[in-house]
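A structural walkthrough
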Amino acid sequence: MSRANYLFTSESVSEGHPDKVCDQISDAILDAFLENDIKLGIADDSKANTRLGCETLATTNKIVIAGEGRGQEPLFKKFGGHAVVNRELISRIARDVVRDIGYDQEGFSYHGAAVEVLLHGQSPDIAMGVDAKTKKDGEHEGAGDQGMMFGFACTESEVYEKNSFMPAPIYFAHRILRALSEKRRSHQLFDLQRSSSPRSTMPKPATEKNTPRPWSRS
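Here goes a summary of the coordinates provided. None of the values given here were measured: they were computed from a predicted structure. (Residues numbered from 1 in each chain as written. Predicted model: local features only at pLDDT ≥ 70, side-chain atom pairs only at ≥ 80, totals over all residues. Heavy atoms only, no water.)

Observations concerning the pairing of strand S4 (residues 76-79)
Across 4 bridges, the pairing between S4 and strand S5 (residues 82-85) is antiparallel. Across the sheet, residue Lys 78 finds its bridge partner in S5, namely Ala 83. Where S4 folds back onto S5 in an antiparallel hairpin, the turn is made up of 2 residues, including Gly 80, whose phi is positive at roughly 65°. (Pairing = 2+ DSSP bridges. Helix = DSSP H or I, 4+ residues; strand = E, 2+ residues; numbered from the N terminus.)

Structure representation (structure tokens):
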């Protein structure tokens, strides 16, 4: 089969999908730390600003938040030489995310789920590797144990929405999810559930003479 005829599929998951619920909780916790840095005026201070590796697991009426990091009060508090996370505040952030998504049912709800917070202070070994080093040509950030990601923008979606710069299949999968979320939150589709994962499939590669037309499956 020639490359001009093959199909390419991308899938996106909704805000209520378990994977995305966990992503949003971790993101909200990180946002709280970064916002606190800005409030304290230390966002650009590499010796005091936030470092955080936060992972979230969710299952039936249970949320587990784990990882390590560095932060300032009220998110972290110092007891002796140890940093202790504010578990009540982190739990409240997690519950607020679940409530905003709309989960309030038997099996998983923002008020009924048990939230276990296992965040702790950053390992001294990791801190030593990440600490900025002052060199002759200025300050250089160190490297911890974080993964490396890469990606690129493309013009496939530009024919549908200017300045979107996304591969067309994932662009349409995201658009479907956005429409579903808006309809659910506005109660126009009252029986629509929170978790969905639409897929968009289209011929590749896209050319000016053969603009891709999507098929979708939810």
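Considering the sheet that holds strand S3 (residues 62-70)
Sheet architecture is open: 3 strands sit in the order S2-S3-S8, paired in mixed fashion. Every other strand in the sheet has two partners, leaving strand S2 (51-59) and strand S8 (114-121) as the edge strands with one partner each. Looking at each pair of strands side by side, their axes are set apart by 10° on average, direction ignored. The pairing of S3 with S8 spans 8 bridges and is classified as parallel. Directly across from Ala 66, in S8, lies its bridge partner Leu 118. (Axes fitted to C-alpha atoms, helices over the stretch in contact; angles between N-to-C directions.)

A closer look at the packing of aromatic side chains
Within this structure, the stated rule accounts for 5 aromatic pairs. Taking the centre distance of 5.4 Å and the plane angle of 85° together, the rings of Tyr 103 and Phe 108 count as edge-to-face. Among the residues examined, Tyr 103 registers a relative accessible area of 11% and is labelled buried. Phe 108 sits in the buried class, given a relative accessible area of 11%. (Phe/Tyr/Trp six-rings, centres within 6.5 Å; stacked < 30°, edge-to-face > 60°. Buried < 20%, exposed > 50% of the residue type's maximum accessible area, 1.4 Å probe, protein only.)

Digging into the packing of helix H1 (residues 18-40) against helix H2 (residues 87-101)
In helix packing, the relevant descriptors are the interaxial angle and the interaxial distance, both defined with respect to the helix axes. Running from amino to carboxyl end, H1 crosses H2 at an angle of 130°, the nearest separation of the two axes being 9 Å. The pairing of H1 with H2 is recorded here as oblique in orientation. In the crossing of H1 with H2, the sense of the turn from one axis to the other is right-handed. Counted together, Val 21, Gln 24, Ile 25, Ala 28, Ile 29, Ala 32 and Phe 33 of H1 and Ile 90, Ile 93, Ala 94, Val 97, Val 98 and Ile 101 of H2 form the full contact between these two elements. (Parallel < 35°, antiparallel > 145°, perpendicular 65-115°, else oblique. Left-handed = near helix turned anticlockwise from the far one by under 90°. Contact = heavy atoms within 4.5 Å.)

Things to note about the pattern of salt bridges
Under the counting rule described, the total for this entry stands at 7 salt bridges. A salt bridge links Arg 175 to Glu 161, with the nearest nitrogen and oxygen atoms 3.8 Å apart. With Arg 175 in helix H4 (residues 168-185) and Glu 161 in the loop between strand S10 (138-140) and H4, this residue pair connects regions lying 14 residues apart in the sequence. Taking relative accessible area as the criterion, Arg 175 reaches 39% and is therefore assigned partly exposed. One network of salt bridges, with partners in common, ties together Glu 15, Asp 100, Arg 184 and Arg 185. (Salt bridge = Lys/Arg side-chain N within 4 Å of Asp/Glu carboxyl O.)

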